[in-house]
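An overview of the molecular structure
Below, each chain spelled out in residue letters.
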Amino acid sequence: MKDKDLLVVIAEMLRKQDQQTEILTNLMDISIKQFEQQHEFNVEQRQFIVDQQQFNKEQSAFNKEQSLFNREQLGLNKEHSEFNKEQLAFNKQQQFYNEKFLEVNEKIVDRLERIEKKL
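This report concerns the structure included in the present document. Just so you know, these numbers come straight off a predicted model, no measurement behind them.

Some words on the overall build of the protein chain
Assigned secondary structure in the protein chain consists of one helix and zero strands. Taken against the 2.2 N^0.38 rule, which gives 14 Å for 119 residues, the C-alpha radius of gyration of the protein chain at 49 Å runs more than 25% over that of a compact globule. Structurally, the protein chain occupies a C-alpha span of about 165 × 25 × 15 Å along its principal axes. The 119 residues of the protein chain split such that 0% are buried. Roughly 11700 Å² of accessible area belongs to the protein chain as shown, and the carbon and sulfur atoms make up 58% of that amount. Between the centroid of the 18 positive side chains of the protein chain and the centroid of its 22 negative side chains there is a distance of 10 Å.

Topic: the pattern of salt bridges
Within this structure, the stated rule accounts for two salt bridges. One salt bridge connects Arg15 with Glu12, and the closest N-O pair in it is separated by 2.3 Å. Note that Arg15 and Glu12 are positioned in helix α1 (residues 3-118) at a spacing of three residues, about one turn of the helix. Its relative accessible area of 38% is what places Arg15 among the partly exposed residues. Here Lys100 ties to Glu103 by a salt bridge, and the two come within 3.9 Å at their closest N and O atoms. Here the residue Lys100 and the residue Glu103 both occupy positions in helix α1, the gap between them amounting to three residues, near one helical turn.

Describing the environment of Ser31
By the element assignment, Ser31 lies in helix α1. The class of Ser31 is partly exposed, set by a relative accessible area of 40%. C-alpha of Ser31 to C-alpha of Phe96: the two residues are 65 residues apart in sequence and 93 Å apart in space.

Topic: a nonpolar patch on the surface
Side chains of Val104, Ile108, Leu112, Ile115 and Leu119 sit close together on the surface and give an oily, nonpolar patch of about 520 Å² of accessible area. Along the chain, the position of Ile115 falls in helix α1. Ile115 sits in the partly exposed class, given a relative accessible area of 46%.

Some details on a negative patch on the surface
A cluster of acidic residues, Glu106, Asp110, Glu113 and Glu116, forms a negative patch at the surface. Position of Glu113 relative to the elements: it lies in helix α1. Judged by relative accessible area, Glu113 falls into the partly exposed class, the value being 42%.

With respect to a positive patch on the surface
A contiguous patch of positive charge on the surface is contributed by Lys107, Arg111, Arg114 and Lys118. Within the secondary structure, Arg114 is located in helix α1.

Cut-offs applied
Residues numbered from 1 in each chain as written. Predicted model: local features only at pLDDT ≥ 70, side-chain atom pairs only at ≥ 80, totals over all residues. Heavy atoms only, no water. Helix = DSSP H or I, 4+ residues; strand = E, 2+ residues; numbered from the N terminus. Rg over C-alpha atoms; globule rule 2.2 N^0.38 Å. Buried < 20%, exposed > 50% of the residue type's maximum accessible area, 1.4 Å probe, protein only. Areas by Shrake-Rupley, 256 points an atom, 1.4 Å probe, with all protein chains shown as cover. Lys, Arg positive; Asp, Glu negative; His and termini not counted. Charge placed at Lys NZ, Arg CZ, Asp CG, Glu CD. Salt bridge = Lys/Arg side-chain N within 4 Å of Asp/Glu carboxyl O. Patch = residues over 30% accessible without salt bridge, like charges linked within 9 Å, V, L, I, M, F, W, Y side chains within 5 Å.

Structure follows, in structure tokens:
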């Protein structure tokens, strides 16, 4: 091989090596960018998880408070229902006495009218 041919071969090899180096550099740049993006995503994901855990704790606390409120409300509803039952029984008894009172008053009025007629 002549020196000129050898130089052409060496030049071609160096050109291909430069191309390969450029390709590898590009791949490394892409890999680094992907790593950075993945890292950023992981950081954001971690923060999202922390935020979600905090929300879940707050939601759990709210649910406990809501449950206590509901139990208290249920107790009040039971008391109110019991009161309503007693009130209904009282009202029925009162209605019975009112009806009896009316009957007695009607009898008294009838007697008074009869007495008036006799006088």
